[in-house]
Amino acid sequence: MSNNLTMMTKLKYLVIKLFFTFAIILLCKLSFAAKAEYYYQIKIYHIKDASQEKTVDFYLENAYLPALHRFGISGVGVFKPIQKDSSEQLIYVFIPFKKIDHYLKLDQALEKDQAYLNAGKDYLNAAFNQPPFLRIESILLKAFEGMPVPAIPKLSSPKAERVYELRSYEASTENLSLNKIYMFNELEISIFTKLNFNAVFYGQVISGSKMPNLMYLTTFNNKADRDNHWTAFGPEYKKISGLPQYQNNVSKNVTTFIYPTDYSDI
């Protein structure tokens, strides 16, 4: 009897040990499978004339983007508004960072990059009375859990014909903004994916001038393609827009139509 009890105890111990070993392996696999969310920076150059635009374009194409690539950052986007403003022009630069640490260390890396310093000297060493821009805005975002990494849009049209739609959804309170982000993660992103909106990113703004807000970028071959996609979106969104838990979570929607420059990665 004593030997039997000892054997049963050993078997129980072995089963428990195997169970916990399997659980640890499973948790490890799940942790590796879950992708860490990217961080995004959107830099917006405010420029006054064609001369400044030419200088910034040359700097971005020949100095800044190549330096980002050397630093291990790919999928950088450079965009301009489709609708021109007579008072000033804007250039949008989208930079995806795998880790927030990469964002924090970028300037230090650029200071040591001699190729960057040489290629960008006209921009970097501009005189105080001949600045290459008026101001630079910077928006920092964290990717949504529902789309933790950026995507390269799969479009067939020439870049000049493409319509990229950058949207900012502001909310009345921080909790309502989080509610809208939850709505995206749970329901809206799947609709955009199903209808092939070719989204580049969805992100929560963690530093910017319009907080609390979220931003996302969808892409289309042309305006007709864009309009057709949103027509298809309407009936799908209607199924979820009336849900009581998601009411009043957007106070302002700012939509900007942009197109990629020839030298943009995306």
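> How should I be thinking about the confidence of the model for the chain in this particular structure?
Any region with low pLDDT has predicted coordinates that should not be read closely. Put simply, the chain has an average pLDDT of 91, and 87% of its residues get 70 or more. Note that residues 10–33 has pLDDT below 50 and, in this model, 0 contacts with residues that lie over four places away or in other chains.

> Looking at this structure, I do not really get the packing of helix α6 (residues 174–194) against helix α7 (residues 223–241). What am I missing?
For any two helices packed against each other, one specifies the inter-axial angle together with the distance between the axes. Running from amino to carboxyl end, α6 crosses α7 at an angle of 140°, the nearest separation of the two axes being 10 Å. When the interaxial angle is binned, α6 and α7 end up oblique. For the pair α6 and α7, the crossing hand works out as right-handed. Of the residues in α7, those in contact with Lys-180, Met-183, Leu-187, Glu-188, Ile-191, Phe-192 and Lys-194 of α6 are Trp-230, Phe-233, Glu-236, Tyr-237, Ile-240 and Ser-241. Here the contact of α6 with α7 is composed, by residue class, of 8 nonpolar, 1 polar and 4 charged.

> Looking at this model, I keep getting lost on α7. Mind explaining?
Each α-helix turn comprises 3.6 residues. Residues three or four places apart therefore point the same way. For α7, which comprises 19 residues, the first-to-last C-alpha distance of 25 Å matches the rise-based estimate of 27 Å (1.5 Å per residue) to within 8%. Considering bend angle alone, the principal kink of α7 is centred on Pro-235 and spans about 35°. Looking only at α7, the buried set comprises Asp-225, Arg-226, His-229, Trp-230, Phe-233, Glu-236 and Ile-240. On its buried side, α7 packs onto β5 (163–170), α6, β7 (213–220) and β8 (252–260).

> I tried to follow the packing of aromatic side chains on my own but got confused; where do I start?
By convention here, two paired aromatic rings are described through the distance between centres and the angle between planes. Inspection of the entire model under this criterion finds 29 aromatic pairs. Between Tyr-123 and Phe-133, the aromatic rings sit 5.9 Å apart at their centres with planes inclined by 40°, giving tilted as the arrangement. Taken together, the residues Tyr-123 in helix α5 (residues 121–124) and Phe-133 in the loop between α5 and β4 (135–143) connect sequence positions 10 residues apart. Comparing Tyr-123 with Phe-133 shows no difference in burial state: the two are buried. Members of the aromatic cluster, joined through ring pairs, are Phe-144, Tyr-169, Phe-184, Phe-192, Phe-197, Tyr-202, Tyr-216, Phe-220, Trp-230, Phe-233 and Tyr-237. One Lys or Arg, Arg-167, reaches over the ring of Trp-230 and ends 4.2 Å from the middle of that ring.

> Can you walk me through helix α2 (residues 50–70) in this structure?
Helix length check: α2, at 21 residues, gives a terminal C-alpha distance of 29 Å against a target of 30 Å (1.5 Å per residue), a fit within 8%. Of all the bends in α2, the greatest, near 45°, is centred on Leu-60. For α2, the full list of buried residues reads Gln-52, Val-56, Asp-57, Tyr-59, Leu-60, Ala-63, Tyr-64, Leu-65, Ala-67 and Leu-68. Against the buried residues of α2 lie β1 (39–47), β2 (77–81), β3 (89–97), α3 (100–111), α4 (114–119) and α5. Measuring from the backbone nitrogen of Ser-51 back to the side-chain oxygen at the start of α2 gives 3.2 Å, which picks out Asp-49 as the cap. Positive phi shows up at Gly-72, right after α2, with a value of about 95°.

> It is not clear to me how the side chain of Ser-157 should be interpreted in this structure. Could you clarify?
Following the sequence through the fold, Ser-157 ends up in the loop between β4 and β5. Within the structure, the side chain of Ser-157 is placed 2.8 Å from the backbone oxygen of Asn-221, a separation counted as a polar contact. Apart from the residues within four sequence positions on either side, Ser-157 is in contact with Arg-162 and Asn-221.

> Whenever I open this one, the pairing of β7 confuses me. Can you help?
Within a regular beta strand, the side chains point alternately toward one face of the sheet and then the other, so they alternate between its two faces. Counting buried residues in β7 gives 8 out of 8 residues, a clear majority hidden from the surface. Residues Asn-213, Met-215, Leu-217 and Thr-219 of β7 are buried on one face, and the alternating residues Leu-214, Tyr-216, Thr-218 and Phe-220, pointing to the opposite face, are buried as well. Where β5 and β7 come together, 8 bridges link them in antiparallel fashion. Its bridge partner being in β7, Val-163 is matched across the sheet by Phe-220. Strand direction decides the pairing type here: strand β6 (residues 201–207) and β7, joined by 4 bridges, are antiparallel. Bridging from a neighbouring strand, Gly-203 pairs with Met-215 of β7. With antiparallel pairing between neighbouring strands as the criterion, β6 and β7 make up a hairpin whose turn holds 5 residues.

Criteria and cut-off values
Residue positions are counted from 1 within each chain, in the order its sequence is given. Note on the predicted model: pLDDT of at least 70 is required for a residue's local features to be given, and 80 or more for side-chain atom pairs to be given and counted; whole-chain, interface and lining totals, by contrast, use all residues. Side-chain calculation: all heavy atoms of the structure are included, whereas hydrogens and water are not. For every residue, the predictor states its confidence as a pLDDT score lying anywhere from 0 to 100. Any pair of residues with heavy atoms lying within 4.5 Å of one another is described as a contacting pair. Angles run from 0 to 180 degrees between N-to-C directions of axes, and those axes are lines fitted to C-alpha atoms, restricted for helices to the stretch in contact. Each helix is a run of H or I in the DSSP string that is no shorter than four residues. Each strand is a run of E no shorter than two, and both are numbered from the N terminus. To sort the angles, those under 35 degrees are grouped as roughly parallel, those over 145 as roughly antiparallel, those from 65 to 115 as roughly perpendicular, and the leftovers as oblique. Handedness of each helix crossing follows the sense of rotation of the near helix against the far helix: counterclockwise by less than a right angle gives left-handed, clockwise gives right-handed. The residue classification treats Ala, Val, Leu, Ile, Met, Phe, Trp, Tyr, Cys and Pro as nonpolar and Asp, Glu, Lys and Arg as charged. All others, Gly included, are polar. In a helix, the anticipated span is given by 1.5 Å times the number of residues less one. Bend at a given residue is defined as the angle between two axes, one fitted to the seven residues that end at that position and one fitted to the seven that begin there. Buried means the residue's accessible area, taken with a 1.4 Å probe over protein chains only, is under 20% of the maximum for its type, while exposed means over 50%, and partly exposed covers the values in between. Geometry of aromatic contacts follows a simple scheme: Phe, Tyr and Trp rings, the Trp one being its six-membered ring, pair when their centres are within 6.5 Å, and the pair is stacked under 30 degrees between planes, edge-to-face over 60, tilted otherwise. Cation placement over rings: the criterion is NZ of Lys or CZ of Arg within 6 Å of the ring centroid and within 35° of the ring normal. Identification of polar contacts relies on pairs of N or O atoms within 3.5 Å, with a donor-acceptor requirement for protein atoms, meaning one able to donate a hydrogen and the other able to accept it, and with residues adjacent in sequence counted only if both atoms are side-chain atoms. Here, strands pair whenever DSSP counts at least two bridges between them.

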